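Coordinate inspection notes
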Amino acid sequence: LKEIPDAKREDVGKRAHGEGTSQAYINERLVELARAGETVVRLKGGDPTVFGRGGEEMAYLAERGVHFEVVPAVTSAVAGPAVAGIPVTHRDHASAVTFVTGHENPDKEDSAVDWEALAATGGTIVVLMGVTRLPEYTTALAEAGMPPSTPVALVERATWDGQRVATGTLETIVETRDTAGIEPPALTVIGDVAATRERVVDFLATTEADP
């Protein structure tokens, strides 16, 4: 955008605990600018269709006759662990990966996440936007039979200045989070792949500061 002389930037970012720009405002602002004849770029972190409200925005625009193009990106559920030295799949450790939101629609009466089924499925579980609810789902997984020694990693501010990574097990990760002071935005990687970071961490070309 810096190379386009007449480009204007409007911050509609969201933050944890509900601060930031409301989704209703973002939806209406996209329509307003488009109908005014502007070329609008809705720039989102990660991939807009993976827990990014991209589907809602597309539907809102389509219902109002606004044409749009989707440019996919790399979801933070893959990119975040990768920059921390954690592959979400690995031939020796995980042949499947499940992406889960840790921040479901608060209007739902019941959670749509079946933690018992996830514990039985195996593979890697990546929880986005769920560091504050870490005690809830680690307990649910443990009660469903997931071994307490299962490796877990928390990646805070992935790819940003101040990126940090904290590692532990299903049994210890809540205490690790509290001791390290890991805060949103952060994602959680649960499964054997989380332990593979130990083999490469000293060689990562990154400025991250481990707790």
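Above: the structure in question.
Below is a short write-up of the structure.

Conventions we followed
Residues numbered from 1 in each chain as written. Predicted model: local features only at pLDDT ≥ 70, side-chain atom pairs only at ≥ 80, totals over all residues. Heavy atoms only, no water. Pairing = 2+ DSSP bridges. Helix = DSSP H or I, 4+ residues; strand = E, 2+ residues; numbered from the N terminus. Axes fitted to C-alpha atoms, helices over the stretch in contact; angles between N-to-C directions. Patch = residues over 30% accessible without salt bridge, like charges linked within 9 Å, V, L, I, M, F, W, Y side chains within 5 Å. Areas by Shrake-Rupley, 256 points an atom, 1.4 Å probe, with all protein chains shown as cover. Salt bridge = Lys/Arg side-chain N within 4 Å of Asp/Glu carboxyl O. Buried < 20%, exposed > 50% of the residue type's maximum accessible area, 1.4 Å probe, protein only. Arc of directions from axis to C-beta. Phe/Tyr/Trp six-rings, centres within 6.5 Å; stacked < 30°, edge-to-face > 60°. Lys NZ or Arg CZ within 6 Å of the ring centre and 35° of its normal. Core = buried A, V, L, I, M, F, W, Y, C linked by side-chain atoms within 4.5 Å. Contact = heavy atoms within 4.5 Å. Polar contact = N/O pair within 3.5 Å; in protein donor to acceptor, adjacent residues only side chain to side chain. Expected span 1.5 Å × (residues − 1).

With mixed pairing, five strands are arranged side by side in an open sheet as β1-β2-β5-β3-β4. Two strands in the sheet have a free side with no partner beyond their single neighbour: β1 (97–101) and β4 (164–169). Within this sheet the neighbouring strands show an average axis-to-axis angle of 20°, counted without direction. Two elements, β1 and strand β2 (residues 124–128), share five bridges in a ladder whose sense is parallel.

Right, let's get into a nonpolar patch on the surface. Residues Phe51, Val74, Val78, Val97, Phe99 and Met129 make up a contiguous nonpolar surface patch of about 450 Å² in total accessible area. Summarising the element assignment, Met129 is placed in the loop between β2 and α5 (134–143).

Right, let's talk about the pattern of salt bridges for a bit. The tally for this structure, following the rule as stated, stands at nine salt bridges. Of the charged contacts in the structure, one is a salt bridge between Lys44 and Glu57, with a shortest N-O distance of 3.5 Å. Here Glu57 lies in helix α2 (residues 54–63) and Lys44 lies in the loop between α1 (23–35) and α2, a separation of 13 residues in the sequence. On the basis of relative accessibility, which here comes to 5%, the residue Glu57 falls in the buried class. Of the charged contacts, one joins Glu136 and Arg133 as a salt bridge, the two residues approaching to 3.1 Å between their closest N and O atoms.

Now for α2. The set of residues buried in α2 consists of Gly54, Glu57, Tyr60 and Leu61. Within α2, the buried residues cover an arc of 130° as seen down the axis, which keeps them to one side. Directly beyond the C-terminal end of α2, a positive phi value near 75° is found at Gly65.

With that settled, consider the packing of aromatic side chains. Following the criterion strictly, the structure yields one aromatic pair and no others. With 5.2 Å between their ring centres and 15° between their planes, Trp115 and Tyr137 make a pair best called stacked. Here the residue Trp115 occupies a position in helix α4 (residues 115–121), and Tyr137 occupies one in helix α5, the gap between them amounting to 22 residues. Its relative accessible area of 12% is what places Trp115 among the buried residues. For the cation-ring pair, Arg64 lies above Tyr60, with the distance from its terminal atom to the ring centre recorded as 3.5 Å.

One finds Trp115, Leu118, Ile125, Leu141, Met146, Ile182 and Ile190 to be the most contacted residues of the largest nonpolar core, which totals 21 residues. Of all the secondary-structure elements, those providing two or more residues to this core are α4, β2, α5, β3 (151–156), α6 (173–180) and β5 (186–190). Those residues in contact with Trp115, other than ones at most four positions away along the chain, are Val100, Ile125, Val127, Tyr137, Ala140, Leu141 and Ala144. Ile86, Leu187, Val189 and Val193 belong to the second-largest nonpolar core, a separate cluster that totals 11 residues.

So, on to the side chain of Gln163. Here Gln163 lies in the loop between β3 and β4. Of the polar contacts made by the side chain of Gln163, one reaches the backbone nitrogen of Thr159; its length is 2.8 Å.

Let's shift gears to the pairing of β3. The buried fraction of β3 amounts to six of the six residues, a majority that puts the element mostly inside the structure. Inspection of the sheet shows β3 paired to β5 by five bridges, in the antiparallel sense. Among the inter-strand pairings, Ala153 is bridged to a residue of β5, identified as Val189.

This brings us to α1. Over its 13 residues, α1 extends 19 Å from the first C-alpha to the last, a length consistent with the 18 Å expected when each residue adds 1.5 Å. Taken residue by residue, α1 has Gln23, Ile26, Asn27, Leu30 and Val31 as its buried positions. One side of α1 holds all its buried residues, which, seen down the axis, span an arc of 130°. Facing away from the buried side of α1 by more than 90 degrees, the exposed set consists of Ala24 and Arg35. Where α1 is buried, its residues contact α2. Where α1 terminates, the next one or two residues include Gly37, which has phi positive at roughly 90°.

These results come straight from atomic positions and should not be treated as a statement about function.
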